[in-house]
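Below are the chains, spelled out letter by letter.
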Amino acid sequence: MAHDPHDHGHSHDHSHDHGHSHDHHHHHGDDHHHHWESADYVRTWIARDAERRSERERIITHLIAAVPFARDAAIDVLDVGGGGGVIAEAVLEAFPHATVTIQDFSPHMLERARERLARHSGRLRAVLSDLRDPAWTTTAGGPFDLAVSGIAIHNLQAMGAIAACYDGVRSLLKSGGSFIDYDHFDRVGGVPLHQHMLKVAGFTSVEAVWHEHPTAVIKASV
């Protein structure tokens, strides 16, 4: 996550988060609660996050259902702030011909993702970058058919940084592509504001496919 989203795929604060990881993806140096630079911290966080798996999976099911491609499609997917690989795993299992690039800010989270997804190593790529750095889009690869994110981008906190991230995601998608974001939108301005920001970023259609305060799954199409 550049900011990483290491939340993302994790669910760490789900207590109030509906099974998500809520702050994981926050890996930026200004995060006062998470220490993604620490291998021990990441190991402990992932162990705790596993306890929230049932809550999180309920929401990930909505994300996967919103993907506008056939299950046998050979799609290229970007997982923004993918952390330990929870969202990437769901995508790889639901779409057996998909390839996934996991972007994250924490090398320890990416290491965990590689371990978790070792059986899919031939369809997996990991990229270390910070969503706060505009250059993250140049190392991400692409273009992609689909971008996903889980409890990560809200950790950027500043609306300008979040808007810039949305711009970056849009720039990496092919025509006809989609971005499906599972996040705590109500903690950073609310769903309507993020729908507007995504349209400003160039997405032509934006809808909340699931919403349970403070979390929602938003689908933005190119």
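This text goes with the structure placed above it.
Residues numbered from 1 in each chain as written. Predicted model: local features only at pLDDT ≥ 70, side-chain atom pairs only at ≥ 80, totals over all residues. Heavy atoms only, no water.

> Would you mind showing me how to read the overall build of the chain here?
Across its full length, the chain holds eight helices and seven strands. The burial tally for the chain puts 58% of its 222 residues in the buried class. When contacts within the chain are restricted to residue pairs at least 6 apart in sequence, those whose partners lie at least 24 apart make up 69%. A total of about 8,500 Å² of accessible surface is found on the chain, and carbon and sulfur atoms cover 52% of it. (Helix = DSSP H or I, 4+ residues; strand = E, 2+ residues; numbered from the N terminus. Buried < 20%, exposed > 50% of the residue type's maximum accessible area, 1.4 Å probe, protein only. Contact = heavy atoms within 4.5 Å. Areas by Shrake-Rupley, 256 points an atom, 1.4 Å probe, with all protein chains shown as cover.)

> Any chance you could explain the pattern of salt bridges here in plain terms?
Opposite charge on two side chains allows them to pair when their charged atoms are near. Applying the stated criterion across every chain yields a total of seven salt bridges. Salt-bridge contacts for Arg-112 lead to Glu-115; the nearest nitrogen and oxygen are separated by 3.5 Å. A residue pair is termed a helical-turn pair when its members lie 3 or 4 positions apart in one helix, as Arg-112 and Glu-115 do in helix α5 (residues 107-116) at three residues. Under the relative-accessibility criterion, Arg-112 is labelled partly exposed at 25%. A relative accessible area of 45% places Glu-115 in the partly exposed class. In the salt-bridge network here, residues are joined through shared partners; they are Glu-89, Glu-93, Arg-116 and Arg-119. (Salt bridge = Lys/Arg side-chain N within 4 Å of Asp/Glu carboxyl O.)

> Teacher, can you tell me more about the sheet that holds strand β1 (residues 76-80) here?
Either a parallel or an antiparallel arrangement is found when strands of a sheet pair, and the pairing is made through backbone hydrogen bonds. Strands sit in the order β3-β2-β1-β4-β5-β7-β6 across an open sheet of seven strands; the sheet is mixed. The open sheet terminates on both sides in strands that have one partner only, identified here as β3 (124-128) and β6 (205-212). Going across the sheet, the axis of each strand differs from the next one's by a mean of 15°, ignoring polarity. On the sheet, helix α4 (residues 86-94) packs against β1, β2 (99-104), β3, β4 (144-150) and β5 (173-183) and is oriented at approximately 175° with respect to β2. Along the sheet, helix α7 (residues 159-171) contacts β1, β4 and β5; its crossing angle with β5, the most-contacted strand, is approximately 140°. (Pairing = 2+ DSSP bridges. Axes fitted to C-alpha atoms, helices over the stretch in contact; angles between N-to-C directions.)

> How do you make sense of α4 when you look at a structure like this?
For an α-helix, the turn length of 3.6 residues means that residues three or four places apart are oriented alike. For α4, the tally of buried residues reaches eight of nine residues, placing the bulk of the element in the interior. Of the positions making up α4, those classed as buried are Val-86, Ile-87, Ala-88, Glu-89, Ala-90, Val-91, Leu-92 and Ala-94.

> Help me understand the packing of α7 against helix α8 (residues 191-200), please; the structure alone is not making it clear to me.
The relative placement of two packed helices is expressed as an angle between their axes plus a distance between the axes. It is the contact of α7 with α8, at a shortest axis distance of 9 Å, that shows an interaxial angle of 50°. Accordingly, the angle class assigned to the pair α7 and α8 is oblique. The handedness of the crossing between α7 and α8 is right-handed. Contacts from Met-159, Ile-162, Ala-163 and Tyr-166 of α7 reach α8 at Leu-193, His-194, Met-197 and Leu-198. Along the lines of polarity and charge, the residues of the contact of α7 with α8 split into seven nonpolar, one polar and no charged. (Parallel < 35°, antiparallel > 145°, perpendicular 65-115°, else oblique. Left-handed = near helix turned anticlockwise from the far one by under 90°. Nonpolar A, V, L, I, M, F, W, Y, C, P; charged D, E, K, R; others polar.)

> Sorry, what's going on with the side chain of His-184 here?
Here His-184 lies in the loop between β5 and α8. Judged by its relative accessible area of 0%, His-184 is buried.

> In this structure, what is going on with the pairing of β6? I would like to understand it.
Consecutive side chains of a regular strand alternate in pointing toward one face of the sheet and then the other. As judged from the seven bridges shared by β6 and strand β7 (residues 215-221), these two strands associate in the antiparallel manner. Counterpart to Ala-208 in the pairing with β7 is Ile-218. The loop that links β6 with its antiparallel partner β7 comprises two residues.

> Is there a simple way to think about unusual backbone geometry in this case?
With an omega dihedral of 5°, the bond running from Gly-142 to Pro-143 counts as a cis peptide bond. Note that Pro-143 resides in the loop between α6 (136-140) and β4. Cis geometry is adopted by the peptide bond preceding Pro-214, which originates at His-213 and carries an omega value of 5°. In this structure, Pro-214 sits in the loop between β6 and β7. In the Ramachandran plot, Ile-151 falls in the positive-phi region, its phi being about 50° despite a non-glycine side chain. Here Ile-151 is to be found in the loop between β4 and α7. For Ile-151, a relative accessible area of 0% puts it in the buried group. With phi around 65°, Gln-157 is a residue other than glycine that occupies positive phi space. Secondary-structure assignment places Gln-157 in the loop between β4 and α7.

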